Amino acid sequence: MTVVAGWVGVLGVLAAVVTSGAVLTPSAVAAPEPGSGSGPAIPDGVAAPPPGSPVAAPAAPAVGFVAVGEVDATIRQEMRYATSRNFTGAVVEGYDEPVCLLARPAAEALRRAQREALRGGHSLLVYDCYRPQRAVDRFVRWARDGADQRTKAEFYPEVAKERLIPEGYIAERSGHSRGSTVDVTLAEVGRGPLDMGTPFDFFDPLAHTDSPGVTGAARAHRDLLGRLLGAQGFVNLPQEWWHFTYAPEAFPDSYFDFPVSVASVHR
């Protein structure tokens, strides 16, 4: 199906879809969608792109993305969305392999941060890196499924599921899809992750980086993580202690939708 440029072409495609029952993919129509809820916290979301901006590109750019393990094999990876150990309770669509992919500048900056971490007896441990738009869409569908409460006790014990989108815990756009954002924690070399006061992907104000409810060792660990990454150009999202974006972003206006696999960046 060929999409004619401009909204006239988009309307024609939509009419054809209504007639045929076909499903449009993000790469078929590059039109903006509404943003997430209007709550004050937007932990994993970003503002909806302006009219005419791409929603999602179907493939990785010919150059620009790398597998982080090939940049620095010492950075530990526990890619949660490629497993069932995440708030959806299942492997998330788009995660074909448990690998961290990033735009090259972000990956190189992460390597520099890892060098500093290792000097102090620590290692970076990443939970998520590039995230395809199809995975973000899956999160939204999960948040709107009020019947599925399997993971409430672990991930959102104090927040009603129907509030996850309005309060900004789940969004229809994620900076992860642009390739310069990473979800990361610290671990002791040869041991498990440090105490950060909450688990990863904990939907609660306690997960806010500067939450007054987090003190002692957990506070010190959050501060150390922030210093290590901040020194290399990463900016923390205040609503999530684990969420950092490298600036300037390599692809600030793109929301990619290629699958998470090494083959995606080895074309």
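These remarks concern the structure in this document.

Rules used in this analysis
Residues numbered from 1 in each chain as written. Predicted model: local features only at pLDDT ≥ 70, side-chain atom pairs only at ≥ 80, totals over all residues. Heavy atoms only, no water. Pairing = 2+ DSSP bridges. Helix = DSSP H or I, 4+ residues; strand = E, 2+ residues; numbered from the N terminus. Contact = heavy atoms within 4.5 Å. Axes fitted to C-alpha atoms, helices over the stretch in contact; angles between N-to-C directions. Phe/Tyr/Trp six-rings, centres within 6.5 Å; stacked < 30°, edge-to-face > 60°. Buried < 20%, exposed > 50% of the residue type's maximum accessible area, 1.4 Å probe, protein only. Core = buried A, V, L, I, M, F, W, Y, C linked by side-chain atoms within 4.5 Å. Polar contact = N/O pair within 3.5 Å; in protein donor to acceptor, adjacent residues only side chain to side chain.

1. Some words on the sheet that holds strand 6 (residues 234–236)
Thinking step 1. Taken together, the five strands give an open sheet; going across it, the order is 2-4-5-7-6, and neighbouring strands pair in mixed fashion. Every interior strand has two partners, whereas the edge strands, strand 2 (76–77) and strand 6, have only one.
Thinking step 2. In this structure, strand 6 lies alongside strand 7 (residues 243–246), joined through three bridges in antiparallel fashion. Pairing of Asn-236 across the sheet is with Phe-244, part of strand 7.
Thinking step 3. Along the sheet, helix 3 (residues 104–119) makes contact with strand 4 (122–128), strand 5 (181–188), strand 6 and strand 7, crossing strand 4 at roughly 145°.
Thinking step 4. Helix 6 (residues 216–230) contacts strand 4, strand 5, strand 6 and strand 7 of the sheet and is inclined by roughly 125° relative to strand 5.

2. A closer look at the packing of aromatic side chains
Thinking step 1. In the structure shown here, the tally under the stated rule is 21 aromatic pairs.
Thinking step 2. Each ring, one from Phe-65 and one from Phe-251, has its centre 5.5 Å from the other, and the planes form 15°; the classification is stacked. Of this pair, Phe-65 sits in strand 1 (residues 65–67) while Phe-251 sits in the segment after strand 7, and the two are 186 residues apart along the sequence. Like Phe-251, Phe-65 is buried.

3. Topic: the nonpolar core
Thinking step 1. Counting 64 residues, the largest nonpolar core has Leu-110, Leu-124, Val-126, Ile-170, Leu-186, Leu-225 and Leu-229 as its most contacted members.
Thinking step 2. In terms of residues, this core owes the most to one element, helix 3, which gives six residues.
Thinking step 3. Apart from the residues within four sequence positions on either side, Leu-225 is in contact with Leu-124, Val-184, Thr-185, Leu-186, Met-196, Trp-241 and Phe-244.

4. Focus: the environment of Asp-195
Thinking step 1. Mapped onto the fold, Asp-195 is located in the loop between strand 5 and helix 6.
Thinking step 2. Residue classification places Asp-195 among the partly exposed positions, given a relative accessible area of 47%.
Thinking step 3. Between the alpha carbons of Asp-195 and Ala-218 there is a distance of 5.3 Å; along the sequence they are 23 residues apart.
Thinking step 4. Beyond its immediate chain neighbours, meaning those up to four positions away, Asp-195 contacts Ala-217, Ala-218 and His-221.

5. Re the side chain of Asp-257
Thinking step 1. Position of Asp-257 among the secondary structure elements: in the segment after strand 7.
Thinking step 2. Within the structure, Asp-257 has its side chain in polar contact with the backbone nitrogen of Gln-133 (distance 3.2 Å).

6. Focus: the side chain of Glu-172
Thinking step 1. Its place among the elements puts Glu-172 in the loop between helix 5 (152–155) and strand 5.
Thinking step 2. Overall, the relative accessible area of 14% leaves Glu-172 in the buried class.

7. Considering unusual backbone geometry
Thinking step 1. Of the consecutive residues Ala-247 and Pro-248, the connecting peptide bond is found in the cis state with omega at 0°.
Thinking step 2. A positive phi is found at Asp-201, a non-glycine position, where the angle reads about 60°.
Thinking step 3. Note on placement: Asp-201 falls in the loop between strand 5 and helix 6.
Thinking step 4. Overall, Asp-201 belongs to the buried group, its relative accessible area being 5%.

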